[in-house]
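Each chain is listed here by its residues.
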Amino acid sequence: MRAIVVGAGIGGLSATLCLLRAGHEVTLVEQAPRFTEIGAGIQLAPNATRVLRRLDVLDTVAAQATRPSHWGFRTWSDGAEICRYTLGRAAEDAFGAPYLQAHRADLHHALASAVPPRSVRLNTSVVGIDQDDESAYVTTASGERLGADLVVAADGVRSAVRQWLFGADEAVFSKTVAYRALLPADEVADLDLPDFAIWLGPGRHFVHYWVRRGELLNIVGVVGAEAAQESWTAQAEPGEQLREFDGWDSRVLSLLERAGQVLRYGIYTRTPLTRWNIGRVTLLGDSAHAMVPFQAQGAAQAMQDAAVLGDVLAGATPDGVPDALDRYVRRRLATATSIQASSARAGHDYHLPDGPEARARNARMAAYAAEHRFLPQATAWAADALDEGADGRPAPGTGTDTASGGPGGNVTHPD
């Protein structure tokens, strides 16, 4: 069969590779004139790295990444450890794949390098999509009309295809903004930092972890905001990040001060849909289920979308495409929607004000960690997206309710 994938981000590249592996002819259409991926750190839980293994790129990504042994939650004012969970070899043995922390550009490059050049059309903007009973069509800005048996829209949180399919539907501001930067290891060696920590405080939280073989420290500070631009390149005003984290532990302030140029971007999501597909056209990744990054599952869910899409279309014929896309959505929509919701709740729990609620959250976290090596949501890492009976959602009592031991049952870690 012939497929067109719109968008060459992580989801689009993964979909292209999965469809190629399923034996289909794929054209990947991307408006940028060359493959680029900006951004900084990204966390890849085992449900993501298992897909990378199937695509034969895991070793390439892992060679550029780090493998944290633990992660810890800390209090904002003095860095006291609330609790700690196990990663490293123990998590890899338990879930069948490693937990990696990587530079987003390294992941993107590994995926892009695996796509045959003949399958790629760069510098090609899509201005319309239509379909009939036998084919789907993409119209480009140059007026060209490309036909295929199916079209996969992986065109991101601002997806135009989503609007063409389902009508006016804008991205939703999450009322949070992120400050991001990368610092060379030798510039922070004196700070006695834990390798991977999430600092929880009133109205904000702060994350740091190593990427690119431990050569760079990725830092992210997330704060509440009423408005913010969605941009990977917008710069914060000088000293803005320090004012936002005034009074925090000196190590956090030192990182923010030494970061120099800090990028500031608004975090946007999409309202959950009841379906992602119409006929021969379907959404994938952020175009379908963009979420806040507070459980480090945005890229993982896009990659799982791609794996299931390739699975349902393996051996399919052109006449069977609409039914195969229905199966894809049935296997993925509930899981992605559930993780969207739990990621949003996690953000609320991270930002509780000092006082009884925060103390109760910390006590639940510490009690759970004392009895479990892995955090509650790790149950989702064990589910295989290609097992049609497993949807990847945490089982009852493992992270979706307050009885599970997390703060509202939803403390994990952001991208």
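Basis of the calculations
- Per chain, residue numbering runs from 1 following the sequence as it is written.
- With pLDDT at 70 or above as the cut-off, local features in this predicted model cover only qualifying residues; side-chain atom pairs require 80 or more to be listed or tallied, and sums for whole chains, interfaces and linings still use all residues.
- As a rule here, side-chain values cover all heavy atoms of the structure and leave hydrogens and water aside.
- In this text, helices come from DSSP runs of H or I with a minimum length of four residues, and strands from runs of E with a minimum of two, each type numbered from the N-terminal end.
- We compute the radius of gyration over the C-alpha atoms and compare it with the globule rule, which gives 2.2 Å times the number of residues raised to the power 0.38.
- Whether a residue is buried, partly exposed or exposed follows from its accessible area with a 1.4 Å probe, protein chains only, as a fraction of its type maximum: under 20%, in between, or over 50%, in that order.
- Residue contacts are counted whenever heavy atoms from the two residues lie within 4.5 Å of one another.
- For the accessible areas, the method is Shrake-Rupley and the probe is 1.4 Å, while residue cover comes only from the protein chains on display.
- Distance and chemistry together define a polar contact, namely a pair of N or O atoms within 3.5 Å, with one atom able to donate a hydrogen and the other to accept it when in protein, and with adjacent residues in sequence counting only for side-chain atoms on both sides.
- Only Phe, Tyr and Trp rings are paired, with Trp represented by its six-membered ring, and only when their centres lie within 6.5 Å; those with planes under 30 degrees apart are stacked, over 60 edge-to-face, the remainder tilted.
- Here, a charge over a ring means that NZ of Lys or CZ of Arg falls within 6 Å of the ring centre while also lying within 35 degrees of the ring normal.
- Fitting a line to C-alpha atoms yields each axis, with helices limited to the stretch in contact; the angle taken between N-to-C directions then spans 0 to 180 degrees.
- Here the word oblique covers every angle except those under 35 degrees (roughly parallel), over 145 (roughly antiparallel) and from 65 to 115 (roughly perpendicular).
- The crossing is said to be left-handed when, going from far helix to near helix, the turn is anticlockwise and less than a right angle, and right-handed when the turn is clockwise.
- A patch consists of residues whose relative accessible area exceeds 30% and which take part in no salt bridge; residues with like charges are grouped when within 9 Å of each other, and nonpolar side chains (Val, Leu, Ile, Met, Phe, Trp, Tyr) when within 5 Å.
- Counted as salt bridges are all cases of a side-chain nitrogen of Lys or Arg within 4 Å of a carboxyl oxygen of Asp or Glu.
- Charge assignment in this entry is limited to Lys and Arg as positive and Asp and Glu as negative, and neither His nor the chain termini are counted.
- For charged residues, the charge sits on one atom: NZ in Lys, CZ in Arg, CG in Asp, CD in Glu.
- Pairing between strands requires that DSSP locate at least two bridges from one strand to the other.
- Take the buried residues of types Ala, Val, Leu, Ile, Met, Phe, Trp, Tyr and Cys, join any two whose side-chain atoms come within 4.5 Å, and each joined set is a nonpolar core.
- Here a cavity is any set of points on a 1 Å grid over the protein atoms alone where a 1.4 Å probe fits but cannot get out, and a pocket is any open set with protein on both sides within 12 Å along at least 5 of 7 lines; a residue lines the site when it has an atom within 4 Å of a point.
- Grid points are joined across faces, edges and corners, and a volume is the space filled by probe spheres set on the points.
- All amino acids are sorted into three groups, where Ala, Val, Leu, Ile, Met, Phe, Trp, Tyr, Cys and Pro are nonpolar, Asp, Glu, Lys and Arg are charged, and the leftover types, Gly among them, are polar.

Chemist: Give me the overall build of the chain: which residues, what numbers.
Modeler: Summing up its helical and strand segments, the chain has 13 helices and 18 strands in all. Since a compact globule built from 415 residues should have a radius of gyration of about 22 Å, the 21 Å found for the chain is in line with a globular shape. On the principal axes, the C-alpha backbone points of the chain span a range of 65 × 45 × 40 Å. Evaluated residue by residue, the chain yields a buried proportion of 60% over its 415 residues. Sequence-distant contacts in the chain: of pairs separated by 6 or more residues, those separated by 24 or more amount to 75%. Roughly 16000 Å² of accessible area belongs to the chain as shown, and the carbon and sulfur atoms make up 48% of that amount.

Chemist: Give me the lowdown on the side chain of threonine 140, citing residues and values where you can.
Modeler: Mapped onto the fold, threonine 140 is located in strand E9 (residues 136-140). The buried category is assigned to threonine 140, whose relative accessible area is 3%. Only 2.9 Å separates the side chain of threonine 140 from the side chain of serine 142, close enough to count as a polar contact. With residues near it in sequence (within four places) discarded, threonine 140 still touches Thr124, Ser125, Val126, Val127 and Leu146.

Chemist: Go over the packing of aromatic side chains, please, and point to the residues and values.
Modeler: Each aromatic ring pair is described using two quantities: the centre-to-centre distance and the angle formed by the ring planes. For the structure on display, the rule yields 16 aromatic pairs. Arranged with centres 5.9 Å apart and planes meeting at 80°, the rings of phenylalanine 196 and tyrosine 209 form a pair that is edge-to-face. With phenylalanine 196 in the loop between strand E12 (172-184) and strand E13 (197-201) and tyrosine 209 in strand E14 (residues 204-211), this residue pair connects regions lying 13 residues apart in the sequence. On the accessibility criterion, tyrosine 209 (0% relative accessible area) is buried. By the ring-pair criterion, three or more aromatic residues cluster together here, those being Trp71, Phe73, Tyr85, Phe95, Tyr99, Phe196, Tyr209, Tyr368, Phe374 and Trp381. Here the guanidinium or amino end of arginine 145 rests over the ring plane of tyrosine 137, the centre of that ring lying 3.8 Å away. The side chain of arginine 158 reaches across the aromatic face of tyrosine 268, ending 4.7 Å from its centre.

Chemist: Got a sec to walk through the packing of helix H1 (residues 10-21) against helix H5 (residues 104-114)? Specific residues and values, please.
Modeler: Contact pair H1 / H5: the axes reach a minimum separation of 9 Å and the direction vectors enclose 30°. The angle between the axes of H1 and H5 places the two elements in the roughly parallel class. As for the relative orientation of H1 and H5, their crossing is left-handed in sense. Across the interface between the two elements, Ile10, Leu13, Ser14 and Leu17 of H1 pack against Arg104, Leu107, His108, Leu111, Ala112 and Ala114 of H5.

Chemist: Summarise a negative patch on the surface; cite the residues concerned and give the values.
Modeler: Residues Asp132, Asp133, Glu134 and Asp319 make up a contiguous surface patch of negative charge. Along the chain, glutamate 134 turns up in the loop between strand E8 (126-131) and E9.

Chemist: Lay out the sheet that holds strand E16 (residues 263-269) with the relevant residues and their values.
Modeler: In space, the seven strands of this open sheet follow the order E5-E4-E13-E14-E15-E12-E16, with mixed pairing throughout. The open sheet has two edge strands with one neighbour each: strand E5 (81-86) and E16. Adjacent strand axes in the sheet meet at a mean angle of 20°, parallel and antiparallel pairs treated alike. Judged from the five bridges that link them, strand E4 (residues 70-75) and E5 form a sheet pairing that is antiparallel. For histidine 70, the partnering residue across the bridge sits in E5 and is threonine 86. Sheet contacts for helix H8 (residues 250-258): E4, E12, E13, E14 and strand E15 (216-224); angle to E14, the most-contacted strand, approximately 70°.

Chemist: Quick rundown of the nonpolar core? Include the residues and the values.
Modeler: Proteins that are soluble and globular tend to have nonpolar side chains buried together. In this structure, Leu44, Leu52, Leu111, Trp276 and Leu313 are the most contacted members of the largest nonpolar core, which totals 70 residues. Among the elements that make up this core, the one with the highest residue count is helix H10 (residues 298-313) (nine residues). Once residues lying within four places of it in the same chain are set aside, the contact partners of leucine 44 are Thr49, Leu52, Val61, Pro98, Tyr99, Leu100, Leu107 and Met303. Membership of the second largest hydrophobic core comes to 34 residues, among which are Tyr99, Tyr265, Phe294 and Tyr350.

Chemist: How would you sum up the pattern of salt bridges? Please name residues and give values.
Modeler: Within the structure shown, the criterion is met by 17 salt bridges. Between glutamate 81 and arginine 74 there is a salt bridge, with its nearest N and O atoms 3.9 Å apart. You can call arginine 74 buried: its relative accessible area is 13%. Between glutamate 81 and arginine 84 there is a salt bridge, with the nearest N and O atoms lying 3.3 Å from each other.

Chemist: How would you explain the layout of surface pockets if you had to name every residue and give the values?
Modeler: To find the voids left in a structure, one rolls a probe of water-molecule size over its atoms. Volume-wise, the second largest pocket comes out at about 280 Å³. Contributing to the lining of the second largest pocket are 19 residues, with Ser174, Thr269, Val292, Ser343 and Ala344 lying nearest its centre. Within the residue set of the lining of the second largest pocket, elements represented by two or more residues are E12 and helix H11 (321-350). If one sorts the elements of the lining of the second largest pocket by residue count, H11 sits on top with six residues. Of the residues that constitute the lining of the second largest pocket, the class distribution is eight nonpolar, nine polar and two charged.

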